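Working through the structure, step by step
Residues per chain are reported as follows:
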Amino acid sequence: MLQFALWRIAGLWWTLFAASLVIFIVIEVLPGDPAQVMLGMSGDAQSLGALREQLGLNAPVAQRYLTWATGMLHGDFGVSYTYSVPVADLLRERLTVSLPLAAIALALATVLGLPLGVLAARFRGRLSEAGLMAGLQVGVALPNFWLALLLIYVFSISLRWLPAGGFAGWEKGLWAGLSSLLLPAVALALPQAAILARIMRSALLDVMHEDYIRTARAKGLSRQATLWRHGVRNAMIPVLTVLGLQFSFLIAGAVIIESVFYLPGLGRLVFQAISQRDLITVKSTVMLLVTATVLVAFFVDLAYAAIDPRLRKAPR
Amino acid sequence: MAILRFENLSIFNGTTALVRDLSLSLVRGETLGLVGESGSGKSLSALAALQLLPEGFAQSGSLRYRGQELSQADDRIMNRLRGRHISMIFQEPMSALNPIKSIGDQILETLHWHFKLTKKEGRARALKLLARVGLTPTAEYMGRFAHQLSGGQRQRVVIALAIACKPRVLIADEPTTALDVTVQAQILALLKEIVKRERMALLFISHDLAVIAQMADRVAVMKDGEIVEQGPTLQLFDTMQHAYSKQLLAASKHMPPKRTKPLVIGDTPLLQLHKLQRSYALPKQKFWQQAPQKIAVNQVSLRIAAQQSVGLVGESGCGKSTLARTVLGLETPQAGRISFLQQDPFSLRGQRRRQLQRGIQAVFQDPYGSFNPRHTVGRTVAEPLYLLAGQINGAERRRRVLEALTSVGLPETAAQHYPHEFSGGQRQRIAIARALVTQPQLIVADEPVSALDVSVRAQILDLLADLRDRLGVAFLFISHDLSVVRAITDYVCVMNAGRIVEEGPTQDVFSAPRHPYTRLLLSAVPDLEETLAARRKVGH
Amino acid sequence: MMKNVPSEKASFFNSRYSASLLLGTVITIVVVGTGVLSFFWLPFNVSSLNVAQRLQPASAQHWLGTDQYGRDLLSMLMIGAQTSLGVGLFAVGFGMLLGVPLGLLAAARRGFVDQLLMRFNDLVFAFPAVLSAILITASLGPGALNSIIAIGIFNVPVFARVARGGALSLAGREFLLAARLAGKGALRITFEHVLPNIASLLIVQATIQLSMGILAEAGLSYLGLGPQPPLVSWGRMLNEAQTLVSFAPQLALIPGATIVVAVLGFNLLGDGLRDLLDPKLRGGPR
């Protein structure tokens, strides 16, 4: 198990390194002159030169990358061009919104999706399954931001139960904060739950065809006990892989959903930074989001190995 | 009184009856052998005894356990009976065990499901069970997983699961078919001992008459879902009534015709291997280490003369398939020399390599996996003619394909059909036709009849013997099945752990084996005649 | 002498999944058909604004009403299909062209190439389409081509994985050994034996990726990172409708529902095809 963890940690660093390189190249090398991009049409020669100086663009590319990467390792993400505050401060502030949002959405998706998947597999071939499957099919096809608009229309505009957008802040109490995150989290979670349920169902149906399920039944285990002790547990292996990937979609979805609800999260930050051509903020925020995705994939891999003893070896 | 009784039990999938009017009974302490070829419905009958038929299958008739009707019983009653009163051992121990639960957990699960036990009592009983089936009774062993065990050890675990609650009826469905002969002998002995000691009733299902004769007190022969004949073992074998049983017996004893003219071995060998070496990297234990190596083929030397039929026997993992692939040029040896027609195939490139490859073709084991399902039989058989690209025209290609099909006893029309339209035996004929189409001097046959039913196997062996005589092809015949090798080869090599431990003319090796491994192998093979002779001596 | 094999057709019509195949096919034909039709004919011209006709309800003239600029909603949806399907299709093509050869190579070579591909997978999965679109937009500006690249990059490892997995599942099959004995090279074997046998897997995956591409394009357009005006897209229509949601909810409802139906159609088609092409998934014991 330790071997496996060490191996995966090595992979984790490799991915983070490659990702930072990709981000750096796309932002700083591809456009030619990032300073020109940031100033747009309005830039005169003098301010262009000043900005180049500020961004350290006169240094060679390799050195610029190293400065940025080592800076991040020390918690230094640069200074935002538009806000003139350290990006690290911005990120910390925005994380108080994005992190709870992602956590609630992931929890909701799992709590809803997995049991629904088990149910669908249990009721295979019955009418209730057909209904459930139809619902899941629609759920998978729902764009989350459209679902968000519908939720706003129903719960905020028509029923006036929950705020339509904005974030009250955690200072005003837990409920005030939660109430502004509830609709966004539901909008994010529902399509993901549908995807998870479908994967759980098909993984479970696959597993229930295995020989060891027949062995369990031959030992006298009831249908129910076999399903839970041998079926669901073994089906979790393929489900976990997907769960890791889901987080990547969740982050992507959060960027859009935060825009729909005007939530001051990371997604909104990076989106605004684009429209303000604040490349420093874009670069570091995207890096943070990528890191989050990679970390989640890493922990999912560890969980994977904890469940499946066949994986607790270092690969060749 | 019968402990388990099938009465006119029929099993249907939709409207097709797969088992018809099955009537069998088992008494305490008795082993009933159920023998039949694939598709005869014997496995379904076993599943019916546990009321575990696949979804969508229906049954009629009656199945009684100690007088209690089971075919109408609901799941609650069956859950109490399964594992506790009636247990089952499956064919494929790897897939029968849950890969992500330790074997200890799986045994404990059974015990705790049926008995009220404390954790300590459970563990003590589980350890005793491990010892009972000949495994190491330690906590460490309990924590192992199926993938960490050998095939024989896995089957012992499956047996431990089945006997955990001391059931009265045990059902074993081809329990040794997936195992090597030496392991098979051990598992059969273990089963026999357990059944005798616990006075269990055993329903033993197999396709192998010799194994059945060894294990069963009574035998029932099944064909196409019906029992054609049953009776006490010795009586059934000695006074066989039904045509099908007789045919089955004849096929399993079948020997293809011997050579018509004696083989003259010339000075220059067709194929010569000299100290061939081939090893593989195993998965690393620690990722900073060098990967450990497994030596699959170790210093193997071998000669095959023109028209000679050479057998290579050994158990799984002994390196015989790696050797076959090296001979075929599919894998490069790491050391040693190989020469075919006085040339080293690995030193040749392009046209000359293709030229040499024409002389050596192969027939593989699996008649289902050896064809591209999207190619017609004609295209499949013609594939090796790629080696003659540019040398023969379309008409010649057609002629060769049809000739190959005819020589293996298939009609010319077969060329237009797809492989899935043919039975297993017919597919193996197609595979042989494909090997013949380049008119090779040597055919490497890797377990060519292992996946086939006995009656089909007899036909394919006849065909191979016929090709040997008629076309003068040399064979390298690889098999784990000694009787097959004995039947068809002139010369035999016995392989163990990557080395050839004994070789010689087939007759000599089989009648007077010298190496201990060869003796072990020969003694482990269940022999029908010997078993029956031993039974005659004791009178039943 | 031939075994009697039940014909594929019979099992197709008996399968209870043919419902999803049928529905999926119908929806796909309608969606693709209207998209194609919009190249030649539209009920109304949508490139000119007509403020006098703004926010009309559904009528005999405007079947779905008009938007805040007086453009006919049905025509907008039809022409929007061009963008959504176009971006999705090109992204799938991009993913397949790069991913399939990569996956096959990894399956054939194993070892180093395989490891490299796995690491590349890890990397790309860290960049969901929205993030790569944000990066690309930040540096090169928004547009249809950049959306295709952003979405397509994510498809590369998906197809690589499917192709690799499919090829590996064939790896032990003896017909591949037989082909090597026939002196055929790796490339020829790939085209003659491997690709035809994994084609169905790839087709199924393509329909799934197409529907995901449509969703991703809608998201990008909604954020304004997708194809830019004058191109019309469903996501963009939603973006424009957002501020009007309280008094003209139909402007948000209709394009959204269109996306759902289109995506549903491709998903159903994919499911139906998979059940049709992969007999393993059809019913079985217990």
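Tallying secondary structure elements over chain B gives 21 helices and 19 strands in all. Against the globule reference of 24 Å for 540 residues, chain B gives a C-alpha radius of gyration of 26 Å, in line with a compact fold. When the backbone C-alpha atoms are referred to their principal axes, chain B occupies close to 75 × 60 × 50 Å. Within chain B, the fraction of its 540 residues that count as buried is 55%. Contacts in chain B between residues far apart in sequence, at least 24 positions, make up 68% of those at least 6 positions apart. Total accessible area computed for chain B in this model is approximately 22700 Å², and 50% of it derives from carbon and sulfur atoms.

Let us now look at the environment of B:S423. Along the chain, B:S423 turns up in the loop between α15 (394-407) and α16 (424-436). Along the sequence, B:S423 and B:P367 sit 56 residues apart, while their C-alpha atoms lie 8.9 Å from each other.

Residue and element names in this part refer to chain B. In spatial order, the strands read β15-β16-β17-β13-β18-β19; together these six strands make up an open sheet with mixed pairing. In this open sheet, the two edge strands, each paired with only one partner strand, are β15 (360-363) and β19 (499-505). Here the strands of the sheet are splayed against their neighbours by 20° on average, with no regard to which way each runs. Relative to strand β17 (residues 474-479), strand β13 (residues 309-313) runs parallel, the two being bridged by five bridges. Along β17, the bridge assignment pairs V310 with L476.

Further remarks concern the nonpolar core. What tends to happen in soluble globular proteins is that the nonpolar side chains get buried as a cluster. Residues A:I23, A:V282, A:V286, A:V290, C:F127, C:I134 and C:W234 are the most contacted members of the largest nonpolar core, which totals 163 residues. Tallying contributions element by element places helix α10 (residues 223-260) of chain A first for this core, with 17 residues. Excluding residues that lie within four positions of it along the chain, A:V286 makes contacts with A:I23, A:V270, C:F127, C:I134 and C:L135. In this structure, B:L4, B:L191, B:L202 and B:L209 belong to the second largest nonpolar core, which totals 96 residues.

A few words now on α16(B). Given a rise of 1.5 Å per residue, 13 residues ought to cover 18 Å, and the 19 Å separating the end C-alpha atoms of α16(B) matches this to within 8%. Extensive coverage of α16(B) is indicated by the burial of 13 of its 13 residues.

Attention now goes to the packing of aromatic side chains. Overall, the coordinates contain seven aromatic pairs over all chains when judged by the stated rule. Between A:F17 and A:Y65, the ring centres sit 6.4 Å apart and the planes meet at 75°, which makes this aromatic pair edge-to-face. Of this pair, A:F17 sits in helix α1 (residues 2-29) while A:Y65 sits in helix α4 (residues 61-73); the two residues are 48 residues apart in sequence, bridging distant segments of the chain. We classify A:F17 as partly exposed; its relative accessible area is 43%. Summarising the aromatic geometry, the rings of A:F24 and A:W68 are spaced 6.2 Å apart at their centres and angled 25° between planes, so their arrangement reads as stacked. Of this pair, A:F24 sits in helix α1 while A:W68 sits in helix α4, and the two are 44 residues apart along the sequence. Using a relative accessible area of 8% as the deciding quantity, one classes A:W68 as buried. Through a chain of ring-to-ring contacts, the aromatic side chains of A:F17, A:F24, A:Y65 and A:W68 assemble into a single cluster. Across from the ring centre of B:Y386, 5.5 Å away, lies the NZ or CZ of C:K184, which sits over that ring.

Residue and element names in this part refer to chain B. Read from one edge to the other, the open sheet built from six strands follows the order β6-β7-β8-β3-β9-β10, with strand pairing classed as mixed. Each edge of the sheet is formed by a strand with only one pairing partner; in this case those strands are β6 (86-89) and β10 (226-232). Each strand of the sheet is rotated relative to its neighbour by a mean of 15°, with strand direction disregarded. Both β6 and strand β7 (residues 169-173) contribute to a ladder of four bridges, which runs parallel. Bridged to I89 within β7 is A172.

Attention now goes to the packing of helix α5 (residues 87-122) of chain A against helix α8 (residues 174-207) of chain A. All names here are of chain A. Where α5 meets α8, the axes come as close as 5 Å, and the angle between the chain directions of the two elements is 35°. Like other packed secondary-structure pairs, α5 and α8 cross with a definite hand, here right-handed. Along the lines of polarity and charge, the residues of the contact of α5 with α8 split into 27 nonpolar, four polar and one charged.

It is worth spelling out the interface of chain C and chain A at this point. Taken residue by residue, the interface counts 50 residues in chain C and 54 residues in chain A. The contact between chain C and chain A buries some 4500 Å² in all, and 74% of this surface belongs to carbon and sulfur atoms. The interface formed by chain C and chain A includes two salt bridges. Measuring nitrogen to oxygen at the nearest pair gives 3.9 Å for the salt bridge that ties C:D122 to A:R8. Taken together, the connections running from chain C to chain A amount to two residue pairs in polar contact (both at pLDDT 80 or more). At the level of elements, α4 (111-125), α5 (129-140), α6 (144-171), α8 (186-223) and α10 (250-277) of chain C are the ones that each hand at least two residues to the side of chain C that touches chain A. In terms of residues, the side of chain C that touches chain A owes the most to one element, α10(C), which gives 12 residues. Of the residues assigned to the side of chain C that touches chain A, the class counts are 33 nonpolar, 10 polar and seven charged.

All names here are of chain B. For helix α21 (residues 528-538), every residue scored as buried is listed here: L528, T531, L532 and R535. One face of α21 carries all of its buried residues, which in axial projection span an arc of 95°. Seen from the open side of α21, the exposed residues pointing more than 90 degrees away from its buried face are E530 and K537. Buried residues along α21 sit against α9 (209-215), α10 (233-238) and α11 (243-253). The opening residue of α21, the one whose side-chain oxygen lies 2.9 Å from the backbone nitrogen of E529, is D527. Positive backbone phi, approximately 90°, marks G539, located one or two places after α21.

Another point: a positive patch on the surface. Residue and element names in this part refer to chain B. Among the surface-exposed residues, R28, R66, R168 and R199 lie close enough to one another that they form a single positively charged patch. Along the chain, the position of R66 falls in the loop between β4 (57-65) and β5 (68-69). A relative accessible area of 43% means that R66 is categorised as partly exposed.

The next thing to look at is the confidence of the model for chain B. Averaged over all residues, the pLDDT of chain B equals 89, while 98% of them reach at least 70. Scored by ipTM, the complex comes to 0.83, with pTM at 0.83.

What counts as what
- Residues numbered from 1 in each chain as written.
- Chains lettered and ligands numbered in written order.
- Predicted model: local features only at pLDDT ≥ 70, side-chain atom pairs only at ≥ 80, totals over all residues.
- Heavy atoms only, no water.
- Helix = DSSP H or I, 4+ residues; strand = E, 2+ residues; numbered from the N terminus.
- Rg over C-alpha atoms; globule rule 2.2 N^0.38 Å.
- Buried < 20%, exposed > 50% of the residue type's maximum accessible area, 1.4 Å probe, protein only.
- Contact = heavy atoms within 4.5 Å.
- Areas by Shrake-Rupley, 256 points an atom, 1.4 Å probe, with all protein chains shown as cover.
- Pairing = 2+ DSSP bridges.
- Axes fitted to C-alpha atoms, helices over the stretch in contact; angles between N-to-C directions.
- Core = buried A, V, L, I, M, F, W, Y, C linked by side-chain atoms within 4.5 Å.
- Expected span 1.5 Å × (residues − 1).
- Phe/Tyr/Trp six-rings, centres within 6.5 Å; stacked < 30°, edge-to-face > 60°.
- Lys NZ or Arg CZ within 6 Å of the ring centre and 35° of its normal.
- Left-handed = near helix turned anticlockwise from the far one by under 90°.
- Nonpolar A, V, L, I, M, F, W, Y, C, P; charged D, E, K, R; others polar.
- Buried area = accessible area lost by both parts, 1.4 Å probe.
- Salt bridge = Lys/Arg side-chain N within 4 Å of Asp/Glu carboxyl O.
- Polar contact = N/O pair within 3.5 Å; in protein donor to acceptor, adjacent residues only side chain to side chain.
- Arc of directions from axis to C-beta.
- Patch = residues over 30% accessible without salt bridge, like charges linked within 9 Å, V, L, I, M, F, W, Y side chains within 5 Å.
- Lys, Arg positive; Asp, Glu negative; His and termini not counted.
- Charge placed at Lys NZ, Arg CZ, Asp CG, Glu CD.
- pLDDT = per-residue confidence, 0-100.

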